[in-house]
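One letter stands for each residue in the lines below.
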Amino acid sequence: MSIVAMGVMSVLFFSETLAFARTSLETAISMDDNEAPQIRLNFNVTLMDLNCDYVSVDVWDSLGTNRQNVTKNVEKWQLDAEGKRRIFSGRNREAREVRHEEHEESLEDMHADGVHAKPLTKETFETFLKENEVAFVDLYAPWCIWCQRLLPTWEKFAEEVESKNMPVGVGSVDCVTEAELCRTERVMAFPTLRWYQEGKAVSPDYKMDRTVVALTSFAKRKLETVEKFKDWDKREQDPEKRKRYKEMNFYNRAEHPGCQISGHLMVNRVPGNFHVEAKSVNHNLNAAMTNLTHRVNHLSFGEPGFAESRKMKRILKQLPEAHQQFNPMDDTIYPTSEYHQAYHHYIKVVSTHLDMSGGWGKLTSYQFLEQSQIVYYDDVNVPEARFSYDLSPMSVTVSKEGRKWYDYLTSLCAIIGGTFTTLGLIDAVLYKFFKAKKI
């Protein structure tokens, strides 16, 4: 009987010990008592087909906040054709407004002795570039206010080029009537002032002051560079070096229209949105060529690197996947197959309190669910990639529950006492039943 008692107690002891060592996760929903007025929003987004010069990050919320082209804590990187970061465009900053020139003569008066800036069409564009070794072309839209201000200056500049016998062909393209030509030339904004050499566009496009003096100085510098490389080419006898000089002559920074923006925003804890939009203080954007295809490299709320700390990694190993929705949009591409459309993202943010140390301290994080859909725009409107967020008034508390040590000791005592008592009763009954009767 003693052996049986020891066996039963051993089984119960090990079972109780395993139950004591095992923990479970409990979730509870309650009103969010977070009193912080703002929350940090971290983002890293790649625009596949939009130049950094035209990228603007705007913030709006239901309290009336309306911040245009947020510059604080936002960085831009120009990308190469493979989508890799190539040129640091610096902290996002207010673009410098270029200077324009006012003229006493009207454009009609300037045309009295003929048009000096040659109007180009799809049929004459290639011929014009072949006839002029170097050319400077204004690609504009008649409705663009900046183009209207530039037209007299551009005509004066063409007159100046002719009067100084500068070997530069000056032309202009109306992108409304020649829309197909401007699409082929990938004109993203109006006006686009583009330098051509031997029929090829030399990037980046001209984006400095729009005055006759500034334009003439730019053309002179370009011509001096061309003449310098021609002189080197004549003096050099080595074919390999001549080839390298020619490549250097045509070297220009590839202006691939891709931009990566990253940083963080401090937003109010109310419904709102931040959106990435194409805009410029010196141009009118071409809505017909604005492509908002983008990749969300990272988007999260709260302190950055929350899930990267050693302590947090240990905690996350204990959490099921359903409780780890801290950045569900990471590394997701949102492509648009046509112009005049863009993705809008709708995000519901839920405060999550992680109590994994038995009440010794809580970690606050933010999970969110998102729904994305394509929104279609009118032909005249420039699309935007919008991220709308709303914070839930409820919060989720995830805690690790286990048995208390005094419950464990009480259970062990109960096992020992209960086993002895139960087996003692059984032993007494058996003894009485099988005891030999007296004669």
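Because the structure is predicted, anything quoted here is derived from the model rather than measured.

Q: Teacher, can you tell me more about the packing of aromatic side chains here?
A: Centre-to-centre distance and the angle between the planes together describe a pair of aromatic rings. Inspection of the entire model under this criterion finds 15 aromatic pairs. Considering the side-chain rings of phenylalanine 125 and tyrosine 196, the 5.7 Å spacing of their centres and the 80 degrees angle between planes classify their relative orientation as edge-to-face. A residue pair is termed long-range when its members are at least 10 positions apart, and phenylalanine 125 in helix 3 (residues 122-131) and tyrosine 196 in strand 11 (residues 192-197) qualify at 71 residues. A residue is classified by how much of its surface remains accessible, and phenylalanine 125, at 1% relative accessible area, is buried. On the basis of relative accessible area, tyrosine 196 is assigned to the buried category, the value being 2%.

Q: Got a minute to help me understand the state of the cysteines in this structure?
A: Working definition of a disulfide: a covalent bond connecting the sulfur atoms of two cysteines. Inspection of the entire model under this criterion finds two disulfides. Between the sulfur atoms of cysteine 175 and its disulfide mate cysteine 182 the distance is 1.9 Å. Handedness of the cysteine 175-cysteine 182 disulfide follows from its S-S torsion of about -80 degrees: it is left-handed. Comparing cysteine 175 with cysteine 182 shows no difference in burial state: the two are buried.

Q: Can you help me understand the environment of aspartate 113 in this one?
A: Positionally, aspartate 113 belongs in the loop between helix 2 (107-110) and strand 7 (118-120). When its relative accessible area of 56% is taken as the criterion, aspartate 113 is described as exposed. In this structure the side chain of aspartate 113 is engaged in a polar contact, spanning 3.4 Å, whose partner is the side chain of histidine 116.

Q: What am I meant to see in the pattern of salt bridges here?
A: Here the idea is simple: oppositely charged side chains can pair when their charged atoms come close. In this structure the tally under the stated criterion is 15 salt bridges. One salt bridge connects arginine 269 with aspartate 32, and the closest N-O pair in it is separated by 3.1 Å. A residue pair is termed long-range when its members are at least 10 positions apart, and arginine 269 in the loop between strand 13 (259-268) and strand 14 (272-278) and aspartate 32 in the loop between strand 1 (24-31) and strand 2 (38-47) qualify at 237 residues. With a closest N to O distance of 2.9 Å, lysine 156 and glutamate 105 form a salt bridge. With a gap of 51 residues between them, lysine 156 in helix 4 (residues 145-163) and glutamate 105 in the loop between strand 6 (85-91) and helix 2 connect regions that are remote in the sequence. The exposure class of lysine 156 is partly exposed, given its relative accessible area of 24%.

Q: Please clarify how empty space enclosed by the protein should be interpreted in this entry.
A: Empty space among the atoms becomes visible once a probe the size of a water molecule is rolled across them. Counted according to the given criterion, the structure contains one cavity of 30 Å³ or more. A volume near 40 Å³ is recorded for the largest cavity. Elements supplying a minimum of two residues to the lining of the largest cavity: strand 11 and strand 12 (200-206). The residue inventory of the lining of the largest cavity, partitioned by class, reads five nonpolar, two polar and two charged.

Q: Mind showing me how you'd approach the pairing of strand 11 here?
A: Side-chain direction in a regular strand flips from residue to residue, so the side chains alternate between the two faces of the sheet. Among the six residues in strand 11, six count as buried, and that is most of the element. Because side chains alternate across strand 11, one face comprises the buried residues Thr192, Arg194 and Tyr196, and the other comprises Leu193, Trp195 and Gln197, equally buried. Note that strand 11 and strand 12 share four bridges and pair antiparallel. Within strand 12, the residue paired with glutamine 197 across the bridge is lysine 200. Remark: two residues form the turn of the hairpin made by strand 11 and strand 12, two consecutive strands paired antiparallel; glutamate 198 in that turn has positive phi of roughly 50 degrees.

Q: Honestly, the nonpolar core in this entry has me stumped. Any pointers?
A: As a rule of thumb, soluble globular proteins bury nonpolar side chains together. Among the nonpolar cores identified, the biggest contains 41 residues, and Phe43, Ile261, Leu265, Phe274, Leu299 and Phe301 are the most heavily contacted of them. Secondary structure elements with two or more residues in this core: strand 2, strand 3 (55-61), strand 13, strand 14, strand 16 (294-301), strand 18 (341-355), strand 19 (363-376) and strand 20 (384-401). Phe136, Leu215, Phe218 and Val226 belong to the second-largest nonpolar core, a separate cluster that totals 20 residues.

Q: It is not clear to me how helix 3 should be interpreted in this structure. Could you clarify?
A: Working note: α-helix, 3.6 residues per turn, so residues spaced by three or four point in the same direction. What helix 3 keeps buried is the set Phe125, Phe128 and Leu129. One face of helix 3 carries all of its buried residues, which in axial projection span an arc of 95 degrees. Opposite the packed face of helix 3, turned more than 90 degrees from it, sit the exposed residues Glu123, Lys130 and Glu131. For helix 3, the elements touching its buried residues are strand 7, strand 8 (134-140), strand 9 (169-174), helix 5 (179-184) and strand 11.

Q: Just checking my understanding: could you explain the pairing of strand 8 for this structure?
A: For strand 8, the buried fraction is high: seven of the seven residues fall into the buried class. Burial along strand 8 is two-sided: the face carrying Val134, Phe136, Asp138 and Tyr140 and the face carrying Ala135, Val137 and Leu139 are both buried. Examined bridge by bridge, strand 8 and strand 11 share six bridges and lie antiparallel to one another. Its bridge partner lying in strand 11, alanine 135 is registered against tyrosine 196. With six bridges joining them, strand 8 and strand 9 adopt parallel strand pairing. Counterpart to valine 137 in the pairing with strand 9 is glycine 171. With helix 4 bridging strand 8 and the parallel strand 9, this β-α-β connection has right-handed handedness.

Q: Please explain the side chain of arginine 269 as it appears in this structure.
A: You can call arginine 269 buried: its relative accessible area is 19%. Engagement of the side chain of arginine 269 in a polar contact is seen with the side chain of tyrosine 366, the distance being 3.3 Å. Beyond its immediate sequence surroundings of up to four residues, arginine 269 is in contact with Asp32, Asn34, Ala36, Pro37, Gln38, Ile39, Ser351, Tyr366 and Leu391.

Procedures and definitions
Residues numbered from 1 in each chain as written. Predicted model: local features only at pLDDT ≥ 70, side-chain atom pairs only at ≥ 80, totals over all residues. Heavy atoms only, no water. Phe/Tyr/Trp six-rings, centres within 6.5 Å; stacked < 30°, edge-to-face > 60°. Helix = DSSP H or I, 4+ residues; strand = E, 2+ residues; numbered from the N terminus. Buried < 20%, exposed > 50% of the residue type's maximum accessible area, 1.4 Å probe, protein only. Disulfide = S-S within 2.5 Å. Polar contact = N/O pair within 3.5 Å; in protein donor to acceptor, adjacent residues only side chain to side chain. Salt bridge = Lys/Arg side-chain N within 4 Å of Asp/Glu carboxyl O. 1 Å grid on protein atoms, 1.4 Å probe; cavity = no way out; pocket = protein on both sides within 12 Å on 5 of 7 lines; lining within 4 Å. Points joined across faces, edges and corners; volume = space filled by probe spheres on them. Nonpolar A, V, L, I, M, F, W, Y, C, P; charged D, E, K, R; others polar. Pairing = 2+ DSSP bridges. Core = buried A, V, L, I, M, F, W, Y, C linked by side-chain atoms within 4.5 Å. Arc of directions from axis to C-beta. Contact = heavy atoms within 4.5 Å. Right-handed = clockwise from strand over helix to strand, strands pointing away.

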